[in-house]
Amino acid sequence: MMLQGKKALILGIANEKSIAWAIARHFHEQGAELAITYAGEAFEKRVRPLAESLNAKAILPCNVAIDNNIKAVFYELGKVWDGIDIIVHSVAFANKDELKGNILNTTRNGFAIAMDISVYSFIAILKEAQPMMQGRNATALTMTYHGGVKVFPGYNAMGVAKAALEASVRYLAEALGPDGTRVNAISAGPIRTLAASAVGSFSQILNRVESRAPLRRNITQEDVARSAVYLCSDLSSGVSGEIHYVDGGYNIIGI
Ligand code: 0WD
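Residues numbered from 1 in each chain as written. Predicted model: local features only at pLDDT ≥ 70, side-chain atom pairs only at ≥ 80, totals over all residues. Heavy atoms only, no water.

### Details of the site of the ligand
Test applied: Near is defined per residue: the residue qualifies when any heavy atom it owns lies within 4 Å of the molecule or strand. Any N or O atom pair separated by 3.5 Å or less is treated as a polar contact, with the protein-specific requirement of one donor-capable and one acceptor-capable atom, and with residues adjacent in sequence counted only for side-chain atom pairs. Using a 1.4 Å probe, accessible areas were evaluated by the Shrake-Rupley method; residue-level cover was limited to the displayed protein chains.
Around the ligand sit 28 residues, and of these Ser18, Ile19, Asn63, Ile191 and Thr193 come closest. At 2.5 Å, a side-chain N or O of serine 18 approaches an oxygen atom of the ligand. Lysine 162 is positioned such that a nitrogen or oxygen atom in its side chain is 2.9 Å from an oxygen atom of the ligand. Starting from 850 Å² of accessible surface for the ligand in isolation, the protein chains cover 91%.

### Description of the packing of helix H1 (residues 19–29) against helix H7 (residues 221–232)
The angle between the axes and the distance between the axes are what describe a pair of packed helices. We count it as follows: Fitted lines through C-alpha atoms give the axes, limited to the stretch in contact for helices. The angle between two N-to-C directions lies from 0 to 180 degrees. A run of H or I in DSSP counts as a helix once it spans at least four residues, and a run of E counts as a strand once it spans at least two, with each numbered from the N terminus. These descriptions rest on fixed angle ranges, namely under 35 degrees for roughly parallel, over 145 for roughly antiparallel, 65 to 115 for roughly perpendicular, and the rest for oblique. By convention the crossing between two helices is left-handed if the near helix lies anticlockwise of the far one by an angle smaller than a right angle, and right-handed if it lies clockwise. Here, residues are in contact when the closest pair of their heavy atoms is within 4.5 Å.
One way to put it is that H1 packs onto H7 with a least axis distance of 8 Å and a crossing angle of 55°. One way to sum up the angle between H1 and H7 is to call them oblique. Two packed elements cross with a definite hand, and for H1 against H7 that hand is right-handed. Between H1 and H7, the contacting residues are Ile19, Ala22, Ile23, Arg25, His26 and Phe27 on the first element and Gln221, Glu222, Val224, Ala225, Arg226, Ala228, Val229 and Cys232 on the second.

### A closer look at a nonpolar patch on the surface
Formally: The residues that make up patches have over 30% relative accessible area and no salt bridge, and they are joined within 9 Å when like-charged or within 5 Å when they are Val, Leu, Ile, Met, Phe, Trp or Tyr. By definition, a salt bridge exists where a carboxyl oxygen of Asp or Glu is found within 4 Å of a side-chain nitrogen of Lys or Arg. Here's how the labels work: a residue is buried when its accessible area is under 20% of the maximum for its type, exposed when over 50%, partly exposed in between, all with a 1.4 Å probe on protein chains only.
On the surface, a nonpolar cluster with roughly 370 Å² of combined accessible area is contributed by Ile103, Leu104, Phe111 and Val160. Judged by its relative accessible area of 33%, phenylalanine 111 is partly exposed.

### Observations regarding the packing of aromatic side chains
As a reminder of what qualifies: Any pair of Phe, Tyr and Trp rings, taking the six-membered ring for Trp, is counted once the centres come within 6.5 Å. Such a pair is stacked with planes under 30 degrees apart, edge-to-face with planes over 60 apart, and tilted for the rest.
Counted under the stated rule, the structure contains two aromatic pairs. Between the aromatic rings of tyrosine 145 and tyrosine 155, the centroid separation amounts to 4.9 Å while the plane-to-plane angle is 70°, which identifies the pairing as edge-to-face. On the criterion of sequence distance, the pair formed by tyrosine 145 in the loop between strand S5 (139–144) and helix H5 (156–176) and tyrosine 155 in the loop between S5 and H5 is long-range, its members being 10 residues apart. Judged by relative accessible area, tyrosine 145 falls into the buried class, the value being 9%. Overall, tyrosine 155 belongs to the buried group, its relative accessible area being 9%.

### Thoughts on the sheet that holds strand S3 (residues 58–61)
Whenever strands of a sheet pair, they do so through backbone hydrogen bonds, lying parallel or antiparallel. To keep it simple, the criterion reads: Here a strand pair is declared whenever DSSP counts at least two bridges between the two strands.
The seven strands are arranged S3-S2-S1-S4-S5-S6-S7 in an open sheet whose pairing can be described as parallel. Of all strands in the sheet, those with a lone pairing partner are S3 and strand S7 (243–246), marking the two edges. Between one strand axis and the next, the sheet turns by 20° as a mean value, whatever way the strands run. Two strands pair when backbone bridges link them, and strand S1 (residues 7–11) and strand S2 (residues 33–38) are joined in this way by five bridges, in the parallel orientation. Bridging from a neighbouring strand, lysine 7 pairs with glutamate 33 of S2. Taken strand by strand, helix H4 (residues 108–133) contacts S1, strand S4 (86–89), S5 and strand S6 (182–188), and its axis lies near 170° from that of S4. Where H7 meets the sheet, it contacts S4, S5, S6 and S7, and its direction lies at approximately 165° from that of S6.

### Comments concerning unusual backbone geometry
Generally, phi is negative for residues other than glycine and the peptide bonds are trans, each holding for most cases. One non-glycine residue, asparagine 137, lies in the positive phi region at around 50°. Assignment of secondary structure puts asparagine 137 in the loop between H4 and S5. We note that asparagine 156 has phi near 40°; this positive angle belongs to a residue other than glycine. You can see asparagine 156 is positioned in helix H5. By relative accessible area, which is 12% here, asparagine 156 ends up buried.

### Digging into helix H2 (residues 41–53)
Every α-helix carries 3.6 residues per turn, so stepping three or four residues along brings you back to the same face. Test applied: Given the number of residues in a helix, its expected span is that number minus one, multiplied by 1.5 Å. Throughout, bend refers to the angle between the axes fitted to the seven residues that end at a position and the seven residues that start at it.
Compared with an ideal rise of 1.5 Å per residue, which puts 13 residues at 18 Å, H2 spans 19 Å between its outermost C-alpha atoms and is within 8% of the ideal. Most pronounced at valine 47, the bend in H2 amounts to some 40°, and the proline proline 49 follows within four residues. Along H2, the residues that are buried comprise Val47, Leu50 and Ala51. For H2, the elements touching its buried residues are H1, S2 and S3. Directly after H2, the chain includes asparagine 55, whose backbone phi takes a positive value near 55°.

### Observations regarding the side chain of aspartate 179
Note the threshold: His residues and chain termini do not enter the charge count, which takes Lys and Arg as positive and Asp and Glu as negative.
On the secondary structure map, aspartate 179 appears in the loop between H5 and S6. In this structure, aspartate 179 is buried with no salt-bridge partner, the nearest side chain bearing the opposite charge being lysine 127 at 11 Å. Among all residues touching aspartate 179, those that are not within four sequence positions of it are Gln130, Gln134 and Gly135.

Structure (structure tokens):
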């Protein structure tokens, strides 16, 4: 068991298709103890039974756009855990209007929302988590997409947000490294989830990856979860600040 006894906080389960749900299941299988958050009341009905099925030690609300929600999570975790070994941030959001047409459609407010929920939240969470992660060889993992590096139809403001998220991974790795904490991201290939359904040209992207990726298939939530186990276990003890692709190799193809 790769994660025996590790205490893992997972943010970003919306339903059973969520990447974070596959990660939670694999972490549980590998012996981790879990705390799971849901984005707000509307999500509780779906997320609570999933979390209970993995014997989560804490099941807490957390809208990452609200500082007090984030603070409350760590206050509550402090009551049940003496520290945190793993944080998985699998959260992103942009208004649907920002995810069609081209980037010139982006509004000031829509841009700010995408950056706040998809980027700043990772920084805010790790700031609050720092005291509980210090000195335990802890790890933090976020989820990004190649649209932060290359242009994909409809990805627009979210592509800009993922570029900022990837830069944040590097700055956070440097900030938390002296504590022994590692910070990494998985850049996942496209997967049909609730979040993906908001991206205008998603089917086109899926078809393209299936025909062009070296593995000639799309990846699954399980592919991502297995790499997450590696990045959050002591097997990756020397790895920090990395953007690790789990995309069937698609990103290496030039033409
Ligand atoms: O193709 C894909 N599905 C890829 C997803 C490819 C590469 C990366 N990713 C990323 C996403 O950008 C995201 O960062 O993986 C992460 C997880 O996404 P997912 O598993 O594909 O999608 P989903 O199951 O919808 O989980 C994302 C969840 C939200 O769902 P919705 O769809 O309702 O926005 O992020 C959560 C919420 O549960 N979320 C929030 N959590 C707390 N506070 C908030 C918020 N304000 N907003 C969204």
